[in-house]
Amino acid sequence: MLLEGSCHCGAVVFSLTSAHPYPYQRCYCSICRKTQGGGGYSINLGGDAHSLKVRGRKQIAVYHAKIRPEGGRRAHTSSAERHFCRLCGSGLWLFSPEWPELIHPFASAIDTPLPVPPEHTHLLLDSKASWVEVEARPGDKLFDGYPEESIAQWHERLGLSR
Ligand SMILES: [Zn+2]
Ligand SMILES: [Zn+2]
């Protein structure tokens, strides 16, 4: 489906095609929570990088997360590019140079009505803040770290690829 998105102030407007648009994957890591998941998590969708069209590109800034390993040793910088609007701070999408075909828009930036997922995957629960209540329903899958199942594989398992 075609996904249309924007930041809150409207300086950045974008669109892309997505075969994997269900917003089922809730990430509780500190990067997602602090950068744009105020309720405790953020949601990434799967999209086609080549289809991305952007208006207002010069207002986009990129954050490479600093990741500090357990035990406080030296932080390293993530290769993943978290694109956001430099004017209003809205998170837009994540792009990893390791997977150049893929782009992961944040569900929060999408204006197109998204389909409601029949089940959710909750991940990085070992990074969850103490005050965050996980709203897991029967059938949901919970992981301390990352699930093995990719966004594409989740859609295929449930017969929801389009
Ligand atoms: Zn903006
Ligand atoms: Zn995360």
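Above: the structure in question.
Please read all numbers here as calculations on a predicted model, not as lab measurements.

Asker: Explain the nonpolar core here, please?
Answerer: It is characteristic of soluble globular proteins that their nonpolar side chains tend to be buried jointly. Counting residues in each nonpolar core, the largest one holds 17 residues, and the members touching the most others are Phe-14, Leu-92 and Trp-93. Once residues lying within four places of it in the same chain are set aside, the contact partners of Trp-93 are Phe-14, Leu-52, Val-54, Ile-60, Glu-81, Arg-82, His-83, Ile-103, His-104, Pro-105 and Phe-106.

Asker: Honestly, the side chain of His-122 in this entry has me stumped. Any pointers?
Answerer: One can find His-122 in strand β13 (residues 121-123). Relative accessible area serves as the criterion here: at 0%, His-122 is assigned to the buried category. Here Tyr-28 takes part through its side chain, which lies 2.8 Å from a polar atom of the side chain of His-122. Polar side-chain contacts of His-122 include one of 2.9 Å to the side chain of Asp-140. For His-122, the contacting residues outside a window of four places in its chain are Arg-26, Tyr-28, Val-134, Glu-135, Ala-136, Asp-140, Lys-141, Leu-142 and Phe-143.

Asker: Just to check I follow, could you spell out the coordination of the zinc ion (ligand 2) for this structure?
Answerer: For a metal bound by four donors in tetrahedral geometry, the ideal donor-metal-donor angle is 109.5 degrees, whereas six donors in octahedral geometry ideally sit at 90 or 180 degrees. Those donors, Cys-27 (SG), Cys-29 (SG) and Cys-32 (SG), are the protein atoms that reach the zinc ion (ligand 2), and they lie 2.2 to 2.3 Å from it. If you list the donors of the zinc ion (ligand 2) from N- to C-terminus, the spacing comes out as C-x1-C-x2-C. Pair check on accessibility: Cys-29 and Cys-32 agree, each one buried.

Parameters at a glance
Residues numbered from 1 in each chain as written. Chains lettered and ligands numbered in written order. Predicted model: local features only at pLDDT ≥ 70, side-chain atom pairs only at ≥ 80, totals over all residues. Heavy atoms only, no water. Core = buried A, V, L, I, M, F, W, Y, C linked by side-chain atoms within 4.5 Å. Buried < 20%, exposed > 50% of the residue type's maximum accessible area, 1.4 Å probe, protein only. Contact = heavy atoms within 4.5 Å. Helix = DSSP H or I, 4+ residues; strand = E, 2+ residues; numbered from the N terminus. Polar contact = N/O pair within 3.5 Å; in protein donor to acceptor, adjacent residues only side chain to side chain. Donors = N, O, S within 2.8 Å, 3.2 Å for Na, K, Ca; no water.

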